[in-house]
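Analysis of the macromolecular model
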Amino acid sequence: MAHFSKISEENEVLNVLAVDDKDTKNDSNQEIESVGQQYLETHNNWPAHLWIKTSYNTLQNTHRLGGTPFRGNYAGIGHIWDPQNNIFLPPKPFSSWTKNIEEARWQSPIGDAPELTEEQQNQYNSGTHDWIYLWDEDNQTWNLTNLFD
Amino acid sequence: MNKNILTEQAVYTGFINTPKNYEIDSKELIKDIYESKFINNEFKFSKNWDLLNTYIREFLQLKFHLNLKNKKTWGNIFRPKENCFHLLEVDLNDLKNSPDYICLYGVNVSNCLINIHYNDNRKKGKEYKVELKNNMFIIFSSLNHFDIINNQNDLNYILSTTYESS
């Protein structure tokens, strides 16, 4: 089963459809993206170049079954297709965040949230606290927050 | 201090901006409207209608997380200056099978005003007016009464579709 995302001309993902492998193969039985695109154009009333193949098992440029990642992330409705970098990205969470192309994700200008300390992790594990770092866009910082408060 | 929104009365409007060579063919839709009016009575499925309907559903899902399911589609032909007042798409005696939203699409219209009636808490009988243009859609709650006011000199063609939301 192959998956194709239907995108708008503004590169927003509108839908994701599954296509039978046989409908993406050429006469020599090779899987070719353009064959699937043509099939979808014929049967789904949307131009071929706006159907982009996506991998069900790829997340943040890692294949969850150990295979070769394909196009950054499995596309979902609302994701953005980045044709320059050939990846799908989720919607940008904050205006200050930038693309991490290597890992196909968004990153804050000061990097990822710090790790929880051992004490915080123990409190989290024992269920007394629900520690999480939340991004504060106004102050451009990570705030440690206990969601139980 | 918290605010919880229990319900909202939204009016969604927009133009259908499909890719090149995939434009909605209004002449075909007009033919389908005539056919449904005078031959079949059921608005027939066509590639053209499917393109329009899918576009509206997918973009409302994308932009407003509004998930719509089709109920019924029909076309209307309005003679010059023909008006319809206090239309209501919900059946108050059968809410279970009534739609949540009504969509009006301007197939070929000029000087066409949609007047939506609504209540704003104790301020009753308010009106919101939108001019329906060619290739434009207006979606609002089926619980709102509405008027279609035509001030044109030719025929106006409007495609109506009702939707259920989930």
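Everything numeric here is computed off the predicted structure, so don't read it as measured data. Counting restarts for each chain, with residues numbered from 1 along the sequence as it is written. Numbering of ligands from 1 and lettering of chains from A proceed in the order in which they are written. Reporting in this predicted model follows two pLDDT cut-offs: at least 70 for local features of residues, and 80 or more for side-chain atom pairs to be given and counted; totals over whole chains, interfaces and linings ignore these cut-offs and use all residues. Working from all heavy atoms in the structure, the side-chain values ignore hydrogens and water.

**Considerations on the pattern of salt bridges**
Residue and element names in this part refer to chain A. When a carboxyl oxygen of Asp or Glu is within 4 Å of a side-chain nitrogen of Lys or Arg, the pair counts as a salt bridge. Applying the stated criterion across every chain, the model contains 15 salt bridges over all chains. Residues Arg 105 and Glu 103 are paired through a salt bridge, measuring 2.7 Å at the closest nitrogen-oxygen approach. A simple rule labels every residue: compare its accessible area, found with a 1.4 Å probe on the protein chains alone, to the largest value its type can have, and call it buried under 20%, exposed over 50%, or partly exposed in between. Among the residues examined, Glu 103 registers a relative accessible area of 33% and is labelled partly exposed. Via salt bridges that share partners, Glu 103, Arg 105 and Asp 112 belong to a single interconnected network.

**Some remarks on the interface of chain A and chain B**
Accessible area lost upon the coming together of the parts serves often as the stated size of an interface. Here, two residues are considered to be in contact whenever any of their heavy atoms come within 4.5 Å of each other. Contact residues are listed per partner, giving 15 residues for chain A and 14 residues for chain B. Once two parts are put together, the accessible area they lose, assessed with a 1.4 Å probe and summed over both, is termed the buried area. Both faces combined, the contact of chain A with chain B buries some 1200 Å², and carbon together with sulfur accounts for 58% of it. If you sort the residues of chain A by the area they bury against chain B, Leu 14, Asn 45 and Trp 46 of chain A come out on top, with a joint share of 45%. A salt bridge links Lys 6 of chain A to Glu 58 of chain B, with the nearest nitrogen and oxygen atoms 2.8 Å apart. We define a polar contact as two N or O atoms separated by no more than 3.5 Å, with the added condition that, inside protein, one atom must be a possible hydrogen donor and the other a possible acceptor, whereas residues neighbouring each other in sequence contribute only through side-chain atom pairs. Viewed at the interface, chain B and chain A are joined by four residue pairs in polar contact (both at pLDDT 80 or more). Numbering of helices and strands runs from the N terminus; a helix is a DSSP stretch of H or I covering at least four residues, while a strand is a stretch of E covering at least two. Residue assignment for the side of chain A that touches chain B shows that the elements contributing at least two residues are strand E2 (13-19) and helix H1 (33-44) of chain A. Take the side of chain A that touches chain B: its biggest share by element is three residues, from E2 of chain A. All amino acids are sorted into three groups, where Ala, Val, Leu, Ile, Met, Phe, Trp, Tyr, Cys and Pro are nonpolar, Asp, Glu, Lys and Arg are charged, and the leftover types, Gly among them, are polar. Looking at side-chain class alone, the side of chain A that touches chain B contains six nonpolar, five polar and four charged residues.

**A word on the side chain of Ser 8 of chain A**
For Ser 8 of chain A, the position within the fold is in the loop between strand E1 (2-7) and E2. Excluding residues within four positions of it along the chain, Ser 8 of chain A makes contact with Leu 14, Trp 46 and Leu 50 of chain A together with Phe 59 of chain B.

**So, the nonpolar core**
In this structure, Leu 29, Ile 56, Tyr 105, Ile 139 and Leu 159 of chain B are the most contacted members of the largest nonpolar core, which totals 41 residues. When residues of this core are traced back to their parent elements, those giving at least two are E1, E2 and strand E3 (51-54) of chain A together with helix H1 (26-40), helix H2 (47-64), strand E4 (101-108), strand E7 (136-141) and strand E9 (156-165) of chain B. Broken down by element, the residue count for this core peaks at eight residues, all from H2 of chain B. Formed by 17 residues, the second largest nonpolar core is a distinct cluster that contains Ile 114, Ile 138, Phe 140 and Ile 158 of chain B. For the purposes of this section, nonpolar cores are sets of buried Ala, Val, Leu, Ile, Met, Phe, Trp, Tyr and Cys residues that join through side-chain atoms within 4.5 Å.

**Describing the sheet that holds E9 of chain B**
Residues and elements named next belong to chain B. Strand order across the open sheet formed by five strands is E1-E7-E4-E9-E2, with antiparallel pairing between neighbours. Where the open sheet ends on each side, the last strands, each with one partner, are strand E1 (11-15) and strand E2 (68-78). Adjacent strand axes in the sheet meet at a mean angle of 20°, parallel and antiparallel pairs treated alike. Being paired, for any two strands, means DSSP has found at least two bridges between them. In this structure, E2 lies alongside E9, joined through ten bridges in antiparallel fashion. Each axis is a line fitted through C-alpha atoms, and for a helix only the stretch in contact is used; angles between axes span 0 to 180 degrees, taken between their N-to-C directions.

**Notes on the packing of aromatic side chains**
Ring pairs shown here join Phe, Tyr and Trp side chains whose ring centres sit within 6.5 Å, with only the six-membered ring taken for Trp; geometry is labelled stacked below 30 degrees between planes, edge-to-face above 60, and tilted in between. Applying the stated criterion across every chain yields a total of 14 aromatic pairs over all chains. Between the aromatic rings of Trp 135 of chain A and Trp 142 of chain A, the centroid separation amounts to 5.2 Å while the plane-to-plane angle is 70°, which identifies the pairing as edge-to-face. The pair formed by Trp 135 of chain A and Trp 142 of chain A is uniform in burial state, with each residue classed as buried. Arranged with centres 6.4 Å apart and planes meeting at 70°, the rings of Tyr 12 of chain B and Tyr 101 of chain B form a pair that is edge-to-face. One end of the pair, Tyr 12 of chain B, is in strand E1; the other, Tyr 101 of chain B, is in strand E4, and 89 residues separate them in sequence. Residue Tyr 12 of chain B shares its accessibility class with Tyr 101 of chain B, and that shared class is buried. Among the aromatic side chains, those forming a connected cluster through ring pairs are Phe 94, Trp 97, Trp 135 and Trp 142 of chain A. Taking the ring centre of Trp 46 of chain A as reference, the NZ or CZ of Lys 6 of chain A above it sits at 4.6 Å. Should the NZ of a Lys or the CZ of an Arg lie within 6 Å of a ring centre and within 35 degrees of the ring normal, that charge is described as sitting over the ring.

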